Amino acid sequence: MAQRARIAAVLGPTNTGKTHYAIERMLAHRTGMIGLPLRLLAREVYDKVVAARGPSVAALVTGEERIVPPRAQYWICTVEAMPEGMGCDFVAIDEIQLCADPERGHVFTDRLLRMRGLHETLFLGADTMRGPISQLVKGVEFMRRDRMSQLMYSGSKKISRMQPRSAIVGFSVDNVYAIAELLRRTKGGAAVVMGALSPRTRNAQVDLYQNGDVDYLVATDAIGMGLNLDVDHVAFSALWKFDGRRMRELQPNELAQIAGRAGRGMRDGTFGTTGEAGQIPEDWVEAITSHSFTPLRKLNWRNPQLNFGSPEALIASLEKAPDDPSLVKAREADDLMSLKSLNSQAEVRARASDPASVKLLWDVCRIPDFRGISHNEHAALLQVIYQHLHERGEIPRDFMARQVKRIDRTDGDIDALSKRLAFIRTWTYVAQRKGWVDDESHWREATRAVEDALSDALHARLTQRFVDRRSSVLMRRLKQKEALLAEVNENGEVTVEGEFVGRLEGFRFRQDAGATGQEAKTLKTASLQALAPHFHLRADRFYNAPDTEIDFTEQGGLMWGDQAVGKLVKGDDALKPRVAVFVDDEAGADVAQKVERRLQHFIDRKIAALFEPLVNMQNDEALTGLARGFAFRLVESMGVIPRGQVADEVKQLDQDARGALRKHGVRFGQYTIFMPLLLKPAPTRLRLVLWSLANDLDSFPEAPPPGLVTVPNMREVPMAHYTLSGYRPAGERAIRIDMLERLADMLRSEDSRGGFEAKADMLSITGMTLEQFSDLMQGLGYRAEKGERTKVRAADKVVTETSDPSGVPGEDTPVFDAAQEEEATPAAMADPAEAPEAADLVAGSESIDDEGVAPIAETPEPVDVDDHIPEASETELLPGDAPDAALAGPETEVFYTFTWGGNRGARVGRQGGRDDAREGTREGGRDGGREGGRQARGKGGPKGGGKPRGKGGPKGGPKGAPKGPKTFESRPEKKDRIDPDNPFAAALMGFNKGKS
């Protein structure tokens, strides 16, 4: 059985967190919509939702603004612009007490009666709505929320004695401007907030106040509708207002709505009066402070069931009286007045002859009168718009362009800019209507650009007129001190009047945390003034500093010594990052540009030096065809790429192409294609930073400590991070890829079919114990069989294996030079097309700084039991002691026999569960099987076996059969496989001929 949708009314005074609660509830659902009374408040809530969930799921819909991403889930709207029929899981209506408003009340009442969420509906507002909601909405539950702080009345004060962080409320534009002008002269300035301002201008003005540039705010009653400001005191300059029809006295509940802006969170607030407003009656004060008001009994209503048969039928349906006694017919609104005016025109009546034309006429009449000039002028404009829409189906492009161009001017005073801003809002509203203009996106952007330009210009004019910058600074200077002396020493310490106030870090000023409030702002202003010349001197010194004084961090920061001066940001190319500098705005554009140029020079030179082989290969025009394409892959992977990812491309490379790539230091390893010079610690560190920038990572992976052959293999670390760091995970640890290739060279000379044991050289280059080595081999796809046997001491082994007592090899005993064997076996025992050839081992390519250094700090060295031979006195038995080992029997030792497992499908060890997407393929699964199987075996090997081919006994011989001396035979010379430019070619051919 479906659960009944919840309908709740959250009622209480201001500063109770009702809107915040509604946002939390909306975000708890999959989809939601919230209707708000003001465009300014809708923008504020939209910004909060974007901060919480991102812009891709949040939509903003108002009369003049529409931001709707394709995957919108949460709709923040003005109440009039709420789209119907969305079917959202959650719906909320804020300031629901506006149902009683004479002008807009019918819209709120309509949402109260008809707007519902599929799972939850909330109505937010004052306690005065409890009665009407309970009568009109069935099954509603009520939630009472109390104010989080106290609101107290402080009487009347002069503006000259008004405390800082105060808001003075006026009810007309002239009154607001007069108060702001007075505050400029006496207090240094004030910010101005009015409902007629665009959100952009309002936010800029609020920032002036919130940032402490001014301590006073002058506003209309628009601040009473949920706007959150840091206000301690609200003062009313009047207790009367013009409501659009007549002058009337403000009611206690209206005063409480505005006064409730004082105090925020748990901080108490006060309210009072100023100027000629006089005192607020005591009974009103009691009602405001106790939040008890006369309940509402009647709500404004207008018939939502409209008849579009004719203009007269539409007017009649709009004027229909309600049937419910709790509802009262709304007074004639502006849209109905406009409809009646247009219907009186014969031309309009002739056009509105069918339901579609009547509906279009009604949509045009609903365009708000933003200009507020006169009703007749507004009706004339609507008639022109309706004529264009009815004749052409859209407003002509040239007509729209003329209207916008006429308004697109930013000259003039505050009044001129305010009028243009009101005019452009009309065309912004028109552009938001679907199908009214030929190119909706173009006109929405065009009108928005004009509105933004006018908003910025209006903010500049308001600031210029009502904020005296010099007076503001003087008023905040340590209680009217005439001047403050500020100094900066050579260490960057800033002092004002001999007191330490902060420090200059790089090109940013860090204020002392001990200074607070108004004193802190004064000190900061004085400090930045003193720093102006110092910024230029420091920039000159930085520009001439050597590269040795500059470095980058593993998180992309740019340091000058121990001070952060910038950071790297993503550029057009992975090897060409850009620079973002950390320079205070007060330092000036010249300083910022100089710092940016120096940092860009540094990182460009650093990349050119550390990635020289990669850059040379990228710029080599001699590379063509497949070689150039493969070089592009290497550059894209920053010099390190698992062979499994490019196995097909490697097979297609002929020897000429390989030779051309080897000349740039490219090594074709069995597991990895890489440039050995780029595995050094410095290039590795830079590679991780550049790769992280190119992939838009928030947190960059850190390079392993230099000098380690193996590092722990952590499951949470993506495979790509190990590859870029120069390591390949295998089992419990990850081994450095150049050491892995050396190990692979050794393994190719072993009988991986019949089984082999780890040699001392294998353990040496990996720096592992035998148990750790077995885990590594299993991670590479081998099987490890553990066994025990009698330990043969070194002295016994010599006697057993040497037939000549002198220890000199006989004539029939083959003698092999180790260096020759290591160089010859890769080419002699593996298919050059699949596995790394001898030609791949470029001279010096394995010469990494810490090559051959095997000890791992985390791994204790094994203790050889033969290291300690007891003296004769130590072998004496005492009563109760165990017999000596020699008496107990022969010593045993643990050994492992390794055979190729051929496991293509799954990783062995801890990496088995790692996500394939991190590397594009599983290293030990698809890659590992391919690397260890197909690439390592010769072409003549079994198709499904996937084992490396090398020296070994007869194919299919019994496991554990005695092995004779190893024999070697040369394969037929493959001239097409030999690179004549390779320095090892001649030696390899001579070695093969010598063996034959």
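Residues numbered from 1 in each chain as written. Predicted model: local features only at pLDDT ≥ 70, side-chain atom pairs only at ≥ 80, totals over all residues. Heavy atoms only, no water.

*Asks:* Report on the pattern of salt bridges, specifying residues and quantitative values.
*Replies:* On inspection of all chains with the given rule, the structure shows 53 salt bridges. Note that D452 is salt-bridged to R200, the shortest N-O span being 3.8 Å. Here the residue D452 occupies a position in helix α16 (residues 440–466), and R200 occupies one in helix α6 (residues 199–210), the gap between them amounting to 252 residues. Exposure remark for D452: the relative accessible area of 21% places this residue in the partly exposed category. Residue R200 is classed as partly exposed on the basis of its relative accessible area, which comes to 39%. Put simply, D547 and R605 hold a salt bridge, and the shortest N to O gap is 3.0 Å. Here the residue D547 occupies a position in the loop between α18 (517–543) and β23 (550–552), and R605 occupies one in helix α19 (residues 589–610), the gap between them amounting to 58 residues. What emerges from the salt-bridge pattern is a single network uniting R6, R25, E120 and E141. (Salt bridge = Lys/Arg side-chain N within 4 Å of Asp/Glu carboxyl O. Helix = DSSP H or I, 4+ residues; strand = E, 2+ residues; numbered from the N terminus. Buried < 20%, exposed > 50% of the residue type's maximum accessible area, 1.4 Å probe, protein only.)

*Asks:* Go over the packing of aromatic side chains, please, and point to the residues and values.
*Replies:* One pass over the full model with this rule turns up 13 aromatic pairs. Each residue in the set F756, F773, Y782, Y896, F898 and W900 is aromatic and connected to the rest through ring pairs, giving one cluster. Lying over the aromatic face of F668, R658 brings its terminal NZ or CZ to 5.3 Å of the ring centre. A cation sits over an aromatic face here: R789 above F895, 4.4 Å from the ring centre. (Phe/Tyr/Trp six-rings, centres within 6.5 Å; stacked < 30°, edge-to-face > 60°. Lys NZ or Arg CZ within 6 Å of the ring centre and 35° of its normal.)

*Asks:* Now, about a nonpolar patch on the surface: what can you tell me, with residues and values included?
*Replies:* A surface patch of nonpolar side chains, about 350 Å² in accessible area, is lined by W240, F242 and M247. Along the chain, M247 falls in strand β15 (residues 247–249). By relative accessible area, M247 is classed as partly exposed at 48%. (Patch = residues over 30% accessible without salt bridge, like charges linked within 9 Å, V, L, I, M, F, W, Y side chains within 5 Å. Areas by Shrake-Rupley, 256 points an atom, 1.4 Å probe, with all protein chains shown as cover.)

*Asks:* Tell me what's going on with the pairing of strand β3 (residues 58–61), and back it up with residues and numbers.
*Replies:* Of the two faces of β3, both are covered, the one formed by A58 and L60 as well as the one formed by A59 and V61. With four bridges joining them, β3 and strand β5 (residues 74–78) adopt parallel strand pairing. By the bridge assignment, V61 is partnered in β5 with C77. Two elements, β3 and strand β4 (residues 66–67), share two bridges in a ladder whose sense is antiparallel. Bridged to V61 within β4 is R66. (Pairing = 2+ DSSP bridges.)

*Asks:* Go over the environment of A682 with me, naming the residues and quoting the values.
*Replies:* Tracing the chain through its elements places A682 in helix α24 (residues 681–694). Take A682: its relative accessible area is 36%, and that puts it in the partly exposed class. Considering only alpha carbons, one finds A682 and L610, 72 residues apart in sequence, at a separation of 7.1 Å.

*Asks:* Which residues make up the side chain of T897, and what values do they have?
*Replies:* Within the secondary structure, T897 is located in strand β34 (residues 892–900). The exposure class of T897 is buried, given its relative accessible area of 18%. When near neighbours in sequence (up to four residues on either side) are disregarded, T897 contacts G755, F756, R783, A784 and E785. (Contact = heavy atoms within 4.5 Å.)

*Asks:* Describe the environment of P199, naming the residues involved and giving the relevant values.
*Replies:* Tracing the backbone through its elements, the reader meets P199 in helix α6. When its relative accessible area of 7% is taken as the criterion, P199 is described as buried. Each C-alpha atom, one on P199 and one on D452, is 9.3 Å from the other, the two residues being 253 residues apart in sequence. When residues no more than four places from it in sequence are discounted, the contact partners of P199 are R39, L40, R43 and E451.

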